[in-house]
Amino acid sequence: MATDIRTLEERYIDSCRRHDVSPNPAILSGFFKADVKKSHHEPCTLEIVLEYLKDIDFHPLLELCLEIGSSEIEAVDIRCGSSCVLEGEYALTLMHAVNQKLGIVDLLYFSFGKDFLRDLSQRGLTCQVLNLRSSHFRKLNMAGEFMKLHTLNLDCSTSLTSFKEDCFTCMPNLMCLSMCETRISNLWTTIAALSKLPSLVELRFQNWLCCDDAGLSSGSPGADENTDFCQLTSGSYIGTSSMDFGEFSDLNSSTQEEHRTLFPFHNMILDHEFQISIEDSSDDSEVDFSSRQHEYDFMELLSNTGPRQDGEIDIQNEVSTDTLLNQNEEESSGVFTRQIADVSLKYISCHASPICFEKHYREYMIASLPKLKVLDNLLIRKIDRERATNTFSKYFEYLPYKRKQKESVVSILQKREIKASQAHVRTPMQKSSYSSGKSQYFYTRSLCAAKVGSSPWPLLHRLGISGYNTGDESRSFRPRQFEYHPSISCLMVFGTLDGEIVVVNHENEKIVSYIPSLGAMNSVLGLCWLKKYPSKLIAGSDNGSLKLYDIKHMPPAVTGIHYSAGTVTFDEFDQLTSVHVNSSDELFLASGYSKHVALYDISSGRRLQDVKLWDLRQKPLQPCYTASSSKGNVMVCFSPDDHYLLVSAVDNEVKQLLAVDGRVHLNFGIAPTGSSQNYTRSYYLNGRDYIVSGSCDEHVVRVCCAQTGRRLRDISLEGKSSGTSMFVQSLRGDPFRDFNMSILAAYTRPSSKSEIVKVNLLTSTDHYSKENSRLQNSRPSKSMGA
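As the structure is a computational prediction, the values presented were derived from the model and not from experiment.

About the thresholds
Residues numbered from 1 in each chain as written. Predicted model: local features only at pLDDT ≥ 70, side-chain atom pairs only at ≥ 80, totals over all residues. Heavy atoms only, no water. Axes fitted to C-alpha atoms, helices over the stretch in contact; angles between N-to-C directions. Helix = DSSP H or I, 4+ residues; strand = E, 2+ residues; numbered from the N terminus. Parallel < 35°, antiparallel > 145°, perpendicular 65-115°, else oblique. Contact = heavy atoms within 4.5 Å. Nonpolar A, V, L, I, M, F, W, Y, C, P; charged D, E, K, R; others polar. Buried < 20%, exposed > 50% of the residue type's maximum accessible area, 1.4 Å probe, protein only. Pairing = 2+ DSSP bridges. Right-handed = clockwise from strand over helix to strand, strands pointing away. Core = buried A, V, L, I, M, F, W, Y, C linked by side-chain atoms within 4.5 Å. Salt bridge = Lys/Arg side-chain N within 4 Å of Asp/Glu carboxyl O. Phe/Tyr/Trp six-rings, centres within 6.5 Å; stacked < 30°, edge-to-face > 60°. Lys NZ or Arg CZ within 6 Å of the ring centre and 35° of its normal. Polar contact = N/O pair within 3.5 Å; in protein donor to acceptor, adjacent residues only side chain to side chain. Left-handed = near helix turned anticlockwise from the far one by under 90°.

A. Summary view of the packing of helix α1 (residues 5-18) against helix α2 (residues 25-39). Packing of α1 against α2 leaves a shortest axis separation of 10 Å and a crossing angle of 175°. Judged by the angle between their axes, α1 and α2 are roughly antiparallel. Judged by residue contacts, Ile5, Arg6, Leu8, Glu9, Tyr12 and Ile13 of α1 engage Ile27, Leu28, Phe31, Ala34, Asp35 and Lys38 from α2. Taken together, the residues of the contact of α1 with α2 break down into eight nonpolar, no polar and four charged.

B. Structural context of the pairing of strand β1 (residues 45-49). The buried fraction of β1 amounts to five of the five residues, a majority that puts the element mostly inside the structure. What you see with β1 is no split at all: Thr45, Glu47 and Val49 on one side and Leu46 and Ile48 on the other are buried throughout. With five bridges joining them, β1 and strand β2 (residues 75-79) adopt parallel strand pairing. Among the inter-strand pairings, leucine 46 is bridged to a residue of β2, identified as valine 76. You can see the chain leave β1, run along helix α3 (residues 58-67) and come back into β2, and the turn it takes is right-handed.

C. Molecular detail of the nonpolar core. Grouped together as the largest cluster of nonpolar side chains are 82 residues, with contacts concentrated most on Leu50, Met95, Leu130, Phe168 and Met365. In this view, phenylalanine 168 contacts Leu140, Leu152, Phe163, Leu177, Ala193, Leu194, Lys196 and Leu197; residues no more than four positions away in its chain are not counted. In this structure, Met635, Leu646, Ile670 and Tyr690 belong to the second largest nonpolar core, which totals 38 residues.

D. Molecular detail of the pattern of salt bridges. Applying the stated criterion to the full structure yields 28 salt bridges. A salt bridge links glutamate 358 to arginine 711, with the shortest nitrogen-to-oxygen separation between them at 3.3 Å. One end of the pair, glutamate 358, is in the loop between β13 (343-350) and α11 (361-368); the other, arginine 711, is in strand β36 (residues 711-716), and 353 residues separate them in sequence. Both residues of the pair, glutamate 358 and arginine 711, count as buried. Note that aspartate 384 and arginine 381 form a salt bridge whose closest N and O atoms lie 3.0 Å from each other. As far as the burial class goes, aspartate 384 and arginine 381 line up, both buried.

E. Here's a closer look at the packing of aromatic side chains. Scanning the model with the defined rule gives 19 aromatic pairs in all. Summarising the aromatic geometry, the rings of phenylalanine 205 and tyrosine 361 are spaced 6.4 Å apart at their centres and angled 85° between planes, so their arrangement reads as edge-to-face. With a gap of 156 residues between them, phenylalanine 205 in the loop between β9 (202-204) and β10 (207-212) and tyrosine 361 in helix α11 connect regions that are remote in the sequence. Taking the relative accessible area as the measure of exposure, phenylalanine 205 reaches 0% and is therefore buried. In this structure an aromatic cluster arises from ring pairing among Trp188, Tyr364, Phe392 and Phe396. Taking NZ or CZ as reference, lysine 536 lies 5.1 Å from the ring centre of tyrosine 533, over its face. When the ring centre of phenylalanine 482 is taken as reference, the NZ or CZ atom of arginine 732 above it lies at 5.7 Å.

F. Just the side chain of asparagine 186, in detail. Note that asparagine 186 resides in the loop between β8 (176-178) and α6 (187-194). The exposure class assigned to asparagine 186 is buried, which follows from its relative accessible area of 6%. A distance of 2.9 Å separates a polar side-chain atom of asparagine 186 from the backbone nitrogen of tryptophan 188. Of the polar contacts made by the side chain of asparagine 186, one reaches the backbone oxygen of aspartate 714; its length is 2.9 Å. If near-sequence neighbours (up to four positions away) are discounted, asparagine 186 is found in contact with Ile355, Asp714, Ile715 and Ser716.

G. Representation of helix α4 (residues 88-98) within the structure. Turning to α4, its buried residues are Gly88, Ala91, Leu92, Leu94, Met95, Ala97 and Val98. Tucked into the core, α4 has its buried residues touching α3, β2, β3 (102-106) and α5 (114-123). Where α4 ends, the next residue or the one after it, asparagine 99, has phi of about 60°, a positive value.

H. Fine view of the packing of α4 against α5. Two elements in contact, α4 and α5, have axes whose closest approach is 10 Å; the angle formed by their N-to-C orientations is 25°. Here α4 is positioned roughly parallel relative to α5, judged by the angle of their axes. Here α4 runs over α5; the crossing is right-handed. Contact residues: α4 offers Gly88, Ala91, Leu92, Met95 and His96, while α5 offers Phe116, Asp119, Leu120 and Arg123. Residue composition of the contact of α4 with α5, grouped by class: five nonpolar, two polar and two charged.

I. Main features of the environment of leucine 177. Structurally, leucine 177 is set in strand β8. Taking the relative accessible area as the measure of exposure, leucine 177 reaches 0% and is therefore buried. For the pair leucine 177 and leucine 154, spaced 23 residues apart in sequence, the C-alpha separation works out to 7.8 Å. Excluding residues that lie within four positions of it along the chain, leucine 177 makes contacts with Leu152, Phe168, Leu194, Leu197, Leu200, Glu202, Leu203 and Arg204.

J. The arrangement of the sheet that holds β36 in detail. Spatially, four strands are ordered β33-β34-β35-β36 in an open sheet, and the strand pairing comes out antiparallel. Of all the strands in the sheet, the pair left with one neighbour each is β33 (680-685) and β36. Strand-to-strand twist across the sheet, computed as the mean angle between neighbouring axes with direction ignored, equals 20°. Judged from the five bridges that link them, strand β34 (residues 690-695) and strand β35 (residues 700-705) form a sheet pairing that is antiparallel. If you follow isoleucine 691 over to β35, its bridge partner there is cysteine 704.

K. Highlighting the pairing of β2. Within β2, five of the five residues are buried, leaving the element largely enclosed by the surrounding structure. Burial of β2 is two-sided: the residues Ala75, Asp77 and Arg79 facing one way and the residues Val76 and Ile78 facing the other way are all buried. Here β2 runs beside β3; their pairing, made up of three bridges, is parallel. Its bridge partner being in β3, isoleucine 78 is matched across the sheet by valine 105.

L. Representation of unusual backbone geometry. Look at aspartate 20: it is not a glycine, yet its phi comes out positive at around 55°. Structurally, the position occupied by aspartate 20 is in the loop between α1 and α2. A positive phi angle, near 55°, is found at asparagine 686, a position not held by glycine. By secondary structure assignment, the location of asparagine 686 is in the loop between β33 and β34. Look at asparagine 686 and you get buried, because its relative accessible area is 9%.

M. Examining the sheet that holds strand β16 (residues 458-462) more closely. Ordered in space as β16-β39-β38-β37, the four strands form an open sheet in which the pairing is antiparallel. Of all strands in the sheet, those bounded by a partner on one side alone are β16 and β37 (726-733). Going across the sheet, the axis of each strand differs from the next one's by a mean of 30°, ignoring polarity. Relative to strand β38 (residues 740-747), β37 runs antiparallel, the two sharing seven bridges. Residue pairing for β38: arginine 732 is matched across the bridge by serine 742.

Everything listed is a geometric property; what it means functionally is a separate question.
Structural data, given as structure tokens:
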């Protein structure tokens with residue numbers, strides 16, 4: 001027989017007496033409220049408010065929590081609305097002691113610290129609602145068991161930028177997730193993480209609120225000005241968490257309150273969106289949230305909201321299936337308009353995370369999460385899903401090379417072997433029963449698509465060359481520009497802000513040659529390898545100095561001796577930023593901030609003439625053609641096969657031109673930031689198949705198809721510690737490895753040093769970490785024999 005509330009209270013008081021502790025008034029008040037609920041035939045919930053507890057209250061309360069499982073208490077809600085003196089270890093122990101009857105854990109403005117968060121995420125909880133607003137997660141990694149959790153609120157967690165690959169696999173029943181006012185920004189890694197949630201039907205990264213000239217209206221599809229996600233989910237005890245969203249039409253009066261708690265966004269939208277019908281639900285019941293009482297007055301989510309209006313618009317009017325505007329431009333500015341019959345309503349975005357300002361964000365999320373029913377407080381209708389599918393196919397590439405479905409590497413290799421064996425036994429008059437018309441690149445591209453598809457978090461590895469062979473083990477370099485070697489796959493050269501030239505084997509991270517500055521150069525901005533003479537390179541600095549070096553004559557370490565053998569000095573070029581050598585290693589171009597481009601003879605070292613864009617096979621009297629950008633051009637490069645020119649202008653204006661006549665072949669349509677200082681650089685990847693583009697005001701590199709312009713992936717750069725932002729100073733595609741590149745990333749802090757980051761889209765970061773951990777664990781200890 002279950003222990004009744006009063007008996008449980010008496011046992012608590014007796015335990016306090018045994019531990020020589022006075023009964024905590026907040027706990028006694030909780031018993032009283034639970035008894036009142038029982039007398040009113042309401043769910044019998046015991047509420048524990050941690051801010052009223054001290055460490056001395058722990059032991060009697062722990063004994064109480066251990067007995068709750070056999071009592072008539074149906075659920076225990078644990079809250080902390082302000083600072084708390086109770087140790088985090090004690091708080092977590094109490095939560096685990098309650099075990100299966102743990103209902104809501106609400107840790108608003110908690111003060112337990114990072115260790116508490118780490119323990120909670122690693123050990124898990126049996127609660128059904130978990131509110132961790134304002135938490136200090138940076139990269140979410142929920143590794144413990146959260147099997148009963150159906151509602152998770154991470155709003156205002158301003159340190160949260162990304163997710164671990166498997167952070168949501170421990171939450172199979174999670175249905176509602178809110179992450180407003182976080183720093184989540186990457187569409188691809190976010191979807192990869194959220195796709196591990198099979199039960200997710202409500203998702204929120206912002207609040208869309210309806211407003212008019214008088215301010216926010218009660219017609220808002222979100223919470224009113226005094227409610228937030230936490231309060232909506234804490235109004236009553238939550239029962240089962242496995243309810244199917246499609247079962248709305250079968251709800252009876254005994255489960256409606258539970259349903260309202262499970263799906264707070266949905267019910268408010270049904271109220272405030274005037275009973276908009278959804279194609280996959282026949283529920284048209286009216287639910288009024290305006291009369292709901294909330295016992296706890298936490299900090300208001302919407303601090304800048306206006307007064308509510310009295311009265312309602314006619315709820316019989318329905319939304320036409322084609323009246324919802326395409327919200328790409330409107331959402332990016334935080335405002336859009338929806339027409340309901342003859343009434344036009346304006347919606348504003350509140351507390352949006354950066355991801356909401358990504359172009360086509362809503363369509364991308366809807367198309368990628370087919371089970372989602374509500375996004376940012378707005379119901380997803382059939383027309384929304386159709387529009388999202390069309391938008392996704394137009395602007396995004398699901399997998400490389402237009403692959404429609406994910407495929408395993410093993411399957412692709414088996415198909416290749418089958419085709420090879422059939423081709424081997426086939427007579428000249430026979431046709432292969434397997435697809436014989438596939439190009440020589442088919443399997444390579446298929447393997448790349450399979451690997452990229454299984455690596456949502458690409459491997460980012462900082463090139464670690466600090467102190468190697470430079471004579472000073474404590475020093476580190478400050479890279480300013482770099483170039484892959486065109487014919488030796490392991491070599492890379494980079495120039496520094498201090499005028500040094502460093503040739504490095506980027507595979508083993510060892511320095512091959514080191515050329516000190518010795519006062520001759522400033523920041524090295526231009527680097528280019530010769531093609532016929534693979535040991536030679538040209539370097540140019542911002543003070544106009546131009547030199548040719550032969551790395552065969554340069555030592556790998558600083559010896560105090562300046563080696564001039566193999567060095568050629570050219571006439572200076574003022575305000576230099578880049579150099580380029582022609583295919584025959586006879587001439588090279590120098591360009592910079594001036595309007596002129598200089599042509600040099602490599603053998604003589606003489607400057608020949610200034611040029612614009614010329615056909616050097618003819619007399620340089622007129623350019624072949626002239627092409628311009630709406631903003632200042634930053635750089636231009638040829639595709640490897642010379643078919644195209646890739647032109648990058650200020651603030652993400654990236655276009656591909658036909659090299660033969662300068663016509664625009666493709667505008668990549670990258671969203672601008674509005675900054676006139678956002679210098680954009682773009683290069684080819686995988687030959688001419690893809691491009692990579694990055695800008696100096698943004699921490700993201702975009703990978704786009706060079707034939708369609710569709711975005712394949714965004715790569716986000718994160719600093720080593722919380723609050724440190726990075727931006728793209730330069731980048732290059734690896735000429736020998738598909739979907740590999742390097743990025744010269746710099747920190748916004750002046751004291752921080754720039755670094756070269758190698759990126760491998762074919763390998764997942766988490767997989768790489770696990771593999772390294774496995775290899776380290778399998779290695780024999782040093783004390784063991786061979």
